[in-house]
Amino acid sequence: HHQHCALRTVQHPPCILCLRASTTMALKSLTLATTLASAAAGLTRVPMLKRDDAEFVTSRRASLMHAKALAASAGASDSGGSITVNNFENAQYYGEISLGTPAQTFEVIFDTGSANLWIPSSDCVSTNCVGKPKYDSSKSSTYVANDTVFDIEYGSGSCTGYLSNDLLTWGGIELEGQTFSQITNASGMGVAFVVGKFDGILGLAFNEIAVCDYPYVMDCVPTPFSRMISNGLVDEGKFAFYLGGLQPCFPECMDGYAGELTLGGTDPDHYVGELNYVPLTSASYWQIEIDSFAVDGTDFSTADSRQAIVDSGTSMLVGPTAAIADIATALGAHEISATGEYVVGCNADLPTIDITIGGIEYSIDANNLVLPDGPICILLMLGMDLHPEGIDWILGDVFMRQYYTVFDYENEQIGFATATNSSSSKA
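### What about the sheet that holds strand β22 (residues 341–345)?
Right, so step 1: An order of β21-β22-β26-β25 is seen for the four strands of this open sheet, with the pairing classed as antiparallel. Unpaired on one side and paired on the other, β21 (334–336) and β25 (370–373) mark the two borders of the sheet. Neighbour to neighbour, the strand axes of the sheet diverge by 40° on average, direction disregarded.
Right, so step 2: Of the strand pairs in this sheet, β22 and strand β26 (residues 376–379) are connected by four bridges, and their pairing is antiparallel. From the neighbouring strand, Y342 faces β26, where its bridge partner is L379.

So this is what it looks like as structure tokens:
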């Protein structure tokens, strides 16, 4: 019963990505090679790059300060007609898709926290579209007009455009007639879209929260992955993220990259032990119930604050503002009021954070909780009050780097196992 209001107001933090020109050809070469190598195995592998930590820290801070300034001057607004999500400043991983015939290539965030595919249009008029690759329907022989209005409301304004249909190529798999959104005004993305250099978003949540029209209509655009299932293009109706242990060493080395998304199954080489599955409490976002969120034996969740979404579109652990403040105190961290970030000494001896899900404890090591920023370290945690929308916690890349995560679409469950090369797997 929360889902309808959740769509309007949830402050979903997705991401900024960096794509340096020197990595583009390396990624394309790797995508082709990986696709050819895995075709026989029935598993589609999509390589992902990871933006540089230092650049991530700098651009994220600029975006946070921009957002705080906007909030102070205008206050939060809800149009009542379209989804409100946050800027995409909080993720580091991205990969390649193409649209049209011949292919027009884009770098996108594979985002389990949303369900729409959108790309800037050649008609985009906002200044933050300057320099972006843009989809040009006139150059595609497989384009089919749709023209339904598309509108997403961000904290700093709206992103608007219209729906179109064309051939989507993803991990070497061709998906004909995929509906996606051409963005004609991206001003609502603000500074995140400029600084981050990412081109668009491919949503991996459920059809229920794929939106279009204004005032928006839900469940009106089948997601690419749901169509891959219904078209028989995957062996199993599941996909999995491996974010652990692969180094972002482009273009120096061609055999290493920052992560991998597998479509249609899992890769046992990427995890140790058994996969432990937990049922979804809502098949809209990838939403589950946690048992506890503890530091040194103290549980910072409460009986009515244990709903979590697992979100590849944010690097952070997000929780209720008061709980995160208390956790930061327990970790010896201090808040920077200008940005809302928490910082801690890089040599601090931090305890683990223990998240219990389905009776199994998942510990996050201290070295996965911080990012160096000069002499101090930023704690990768953020306070955000999402409880009115039925969500309390967001388990982002900080969690997914240490635990291989399987998103089982057909059985509406999520599986976790210790990722190979994560610090935990050495035990």
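### Looking at the state of the cysteines
Right, so step 1: A complete count under the given rule lists three disulfides for this structure.
Right, so step 2: Put simply, C212 and C220 are joined by a disulfide, and their sulfur atoms are 2.2 Å apart.
Right, so step 3: On the basis of relative accessible area, C212 is assigned to the buried category, the value being 6%.
Right, so step 4: Covalent S-S linkage joins C346 and C377, the inter-sulfur distance amounting to 2.3 Å. With the S-S bond torsion at 110°, the cross-link from C346 to C377 turns out right-handed. Remark: C377 occurs in strand β26 and C346 occurs in the loop between β22 and β23 (353–357); sequence separation between them is 31 residues.
Right, so step 5: Owing to a relative accessible area of 3%, C377 belongs among the buried residues under this scheme.
Right, so step 6: In this structure C159 is not part of a disulfide, and its nearest cysteine sulfur, from C129, lies 8.3 Å away.

### Re the confidence of the model for the chain
Atom-level detail of predicted coordinates should not be read off regions where pLDDT is low.
Right, so step 1: Across the chain, the average pLDDT comes to 79, with 75% of residues at 70 or higher.
Right, so step 2: Predicted confidence is poor over residues 74–87, with pLDDT under 50, and the contacts of this stretch with residues over four places away or in other chains come to 52 contacts.
Right, so step 3: A low-confidence stretch, residues 246–256 (pLDDT under 50), is modelled with 20 contacts involving residues beyond four sequence positions or located in other chains.

### Brief notes about unusual backbone geometry
Right, so step 1: Cis geometry is found at the peptide bond from T101 to P102, where omega equals 0°.
Right, so step 2: In this fold, P102 is placed in the loop between β3 (93–99) and β4 (104–111).
Right, so step 3: Its identity is not glycine, yet D296 carries a phi of approximately 50°, on the positive side.
Right, so step 4: With respect to the helices and strands, D296 occurs in the loop between β17 (292–295) and β18 (298–299).
Right, so step 5: Using a relative accessible area of 63% as the deciding quantity, one classes D296 as exposed.
Right, so step 6: Within the chain, E412 stands out as a residue other than glycine whose phi angle is a positive 50°.
Right, so step 7: For E412, the position within the fold is in the loop between β29 (403–408) and β30 (413–419).
Right, so step 8: Taking relative accessible area as the criterion, E412 reaches 41% and is therefore assigned partly exposed.

### Focus: the nonpolar core
Right, so step 1: Core analysis: the biggest nonpolar cluster contains 105 residues, and F110, W170 and L317 have the highest contact counts within it.
Right, so step 2: Not counting the four nearest positions on each side in its chain, F110 is found in contact with V46, M48, G95, E96, I97, W170, L202, L204, F241, L261 and S312.

### A look at the side chain of R401
Right, so step 1: Structurally, the position occupied by R401 is in helix α7 (residues 397–402).
Right, so step 2: Although R401 lies buried, it forms no salt bridge, and the closest oppositely charged side chain, D397, sits 5.0 Å away as judged by the N-O distance.
Right, so step 3: Reaching out from R401, the side chain makes a polar contact with the side chain of Y93 at a distance of 3.1 Å.

### Observations regarding the environment of T420
Right, so step 1: Tracing the backbone through its elements, the reader meets T420 in the segment after β30.
Right, so step 2: Exposure remark for T420: the relative accessible area of 15% places this residue in the buried category.
Right, so step 3: For T420, the side chain forms a polar contact with the main-chain oxygen of D269, separated by 3.2 Å.

### Digging into the pairing of β3
Right, so step 1: In terms of burial, β3 is largely enclosed, as seven of its seven residues are buried.
Right, so step 2: Burial along β3 is two-sided: the residues Y93, G95, I97 and L99 and Y94, E96 and S98 are all buried.
Right, so step 3: The pairing of strand β1 (residues 44–50) with β3 spans two bridges and is classified as antiparallel. The residue of β3 that forms the bridge with K50 is Y93.
Right, so step 4: With five bridges joining them, β3 and β4 adopt antiparallel strand pairing. Within β4, the position partnered with G95 by the bridge is V108.

Basis of the calculations
- Residues numbered from 1 in each chain as written.
- Predicted model: local features only at pLDDT ≥ 70, side-chain atom pairs only at ≥ 80, totals over all residues.
- Heavy atoms only, no water.
- Pairing = 2+ DSSP bridges.
- Helix = DSSP H or I, 4+ residues; strand = E, 2+ residues; numbered from the N terminus.
- Axes fitted to C-alpha atoms, helices over the stretch in contact; angles between N-to-C directions.
- Disulfide = S-S within 2.5 Å.
- Buried < 20%, exposed > 50% of the residue type's maximum accessible area, 1.4 Å probe, protein only.
- pLDDT = per-residue confidence, 0-100.
- Contact = heavy atoms within 4.5 Å.
- Core = buried A, V, L, I, M, F, W, Y, C linked by side-chain atoms within 4.5 Å.
- Lys, Arg positive; Asp, Glu negative; His and termini not counted.
- Salt bridge = Lys/Arg side-chain N within 4 Å of Asp/Glu carboxyl O.
- Polar contact = N/O pair within 3.5 Å; in protein donor to acceptor, adjacent residues only side chain to side chain.

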